[in-house]
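Notes for the structure review
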Amino acid sequence: MQALCYQGVNRVGIETVPDPEILGPHDAILRVTMSSVCGSDLHLLDGYVPTMRQGDIIGHEFIGEVVEVATDVKKLRPGMRVVVGSIIGCGHCFFCQSEQYSLCDNTNPNPEITDKLFGYPTAGIYGYSHAFGGFAGSHATYVRVPFADTNAFEVPDGLPDERALFASDALPTGYMGADLCNIQRGDVVAVWGCGGVGQMAILSAYLLGAERVIAIDRFPERLAMARDRAGAEILDYEQVDVREALREMTGGRGPDACIDCVGMEAHGTGIDYAYDRVKQAVRLETDRPTVLRQAILACRKGGTVSIMGVYGGFVDKFPMGAAMNKGLTLKMGQQHGQRYIPRLLEHIRKGELDPSYLITHRARLADGQEAYDTFKEKRDGCMRVVFTPEA
Ligand SMILES: [Zn+2]
Ligand SMILES: [Zn+2]
């Protein structure tokens, strides 16, 4: 089959690779009908996540049709259209049983790397480096889905791929970001980053009862989308002092909850941003926490900061004093998609959510390099590129 593979820092290309095969009794094989680029792919391609190897198939947000199931798969049958959570759960371990699927103990066959880096190993993720299991990703004609009954969800009839696709990754990630904030009616929520996850966090915050959502970014098209499609009030951080603006917009109190949908490659304007650029470049710091610092300082006393943007290693100048003295609650994690996907598909089916507006570009796998360049440079209003692999 054809697959889009990592070929070195910021280089991808199409390769002919063997079709995936059933390896365990809970596996299914999917024919991928749509697969999206994601902001976290950029961290992999930029070389900030080690353990990528040449020839690794990338991509972790996808929808497709089941073509084969192994003996112990009960829920799925060939021909079913399913959306698959980007992070792989086993369904049986202590963590999966408590619906913390991204903490699964059993799905990362290379646990020694994250065991060292994080203290304990975390779950496997499709197309996301060998530290996260070395699973083949979804930018391919076919993909193997381990523990398929736990990880694949039937798409209701009548829902086109475009509307269900983001229930794989961007939507449950954004939703979890809002869910972790324990939003109360009347709350004001600030969201940093108006990419796919940020857009979904805005929609989700409203769905969960926020009265106002304020979105922060610097790209005019993304801010316009946050305002026009997701209903947010918007702030351009290159035009205003974000902390002052948020204070003013909330009667001097600050937002009740702040969601970081940016993560380790944040951009910024101040001296601390310059400091992070330098330290990250010489690998004295792995992540640039500009947004995280701002969120912690901007959040109202006693509020919640929820972190969905990906961090990989270490950060400097973490404002611990502000977090502690203001009594903040910090919540974070890779998404527990399997916990949210059924209810999200239901919201989409009822027309309460429609993430399909994230699709601004379509491409063939063969045009993967150009697609990722367009996405990375946010050329021509690019929010998400989706691939439609040819069978
Ligand atoms: Zn992702
Ligand atoms: Zn598990």
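Residues numbered from 1 in each chain as written. Chains lettered and ligands numbered in written order. Predicted model: local features only at pLDDT ≥ 70, side-chain atom pairs only at ≥ 80, totals over all residues. Heavy atoms only, no water.

Binding of the zinc ion (ligand 1) to the protein goes through Cys38 (SG), His60 (NE2) and Asp169 (OD), at separations of 2.0 to 2.2 Å. Mapped onto the sequence, the residues coordinating the zinc ion (ligand 1) show the spacing C-x21-H-x108-D. Of this pair, Cys38 sits in the loop between strand 3 (28–36) and helix 1 (39–45) while His60 sits in the loop between helix 1 and strand 4 (61–69), and the two are 22 residues apart along the sequence. Per residue, the accessibility class of Cys38 equals that of His60, and both read buried. (Donors = N, O, S within 2.8 Å, 3.2 Å for Na, K, Ca; no water. Helix = DSSP H or I, 4+ residues; strand = E, 2+ residues; numbered from the N terminus. Buried < 20%, exposed > 50% of the residue type's maximum accessible area, 1.4 Å probe, protein only.)

As recorded in UniProt, the sites labelled "domain: Alcohol dehydrogenase-like C-terminal" (unreviewed entry) are residues 196–265. Overall, residues 196–265 shows 41% helix and 20% strand. The separation of its end C-alpha atoms is 15 Å. (UniProt positions renumbered as here; feature names shortened; annotations may be inferred.)

Here the focus is the pattern of salt bridges. Evaluation of the coordinates by the stated rule reveals 14 salt bridges. As a salt-bridge pair, Asp161 and Arg81 come within 2.5 Å of each other at their nearest N and O atoms. With Asp161 in helix 5 (residues 161–164) and Arg81 in strand 5 (residues 81–84), this pair connects stretches of sequence that are 80 residues apart. Using a relative accessible area of 13% as the deciding quantity, one classes Asp161 as buried. The partner of Asp228 in a salt bridge is Arg227, and the shortest N-O contact between them spans 2.9 Å. Taking relative accessible area as the criterion, Arg227 reaches 42% and is therefore assigned partly exposed. (Salt bridge = Lys/Arg side-chain N within 4 Å of Asp/Glu carboxyl O.)

This paragraph deals with the coordination of the zinc ion (ligand 2). Surrounding the zinc ion (ligand 2) are the protein donor atoms Cys90 (SG), Cys93 (SG), Cys96 (SG) and Cys104 (SG), which sit 2.3 to 2.4 Å from the metal. Mapped onto the sequence, the donors of the zinc ion (ligand 2) take the spacing C-x2-C-x2-C-x7-C. Assigned by exposure class, Cys93 and Cys96 land together as buried.

Of the residues making up helix 8 (residues 220–228), those classed as buried are Arg222, Leu223, Met225 and Ala226. Taken around the axis of helix 8, the buried residues stretch over an arc of 160°, which confines them to a single face. Across helix 8 from its buried face, at more than 90 degrees, point the exposed residues Pro220 and Asp228. Residues of helix 8 that are buried in the fold lie against helix 7 (196–207), strand 11 (212–217), strand 12 (233–236) and strand 16 (359–363). (Arc of directions from axis to C-beta. Contact = heavy atoms within 4.5 Å.)

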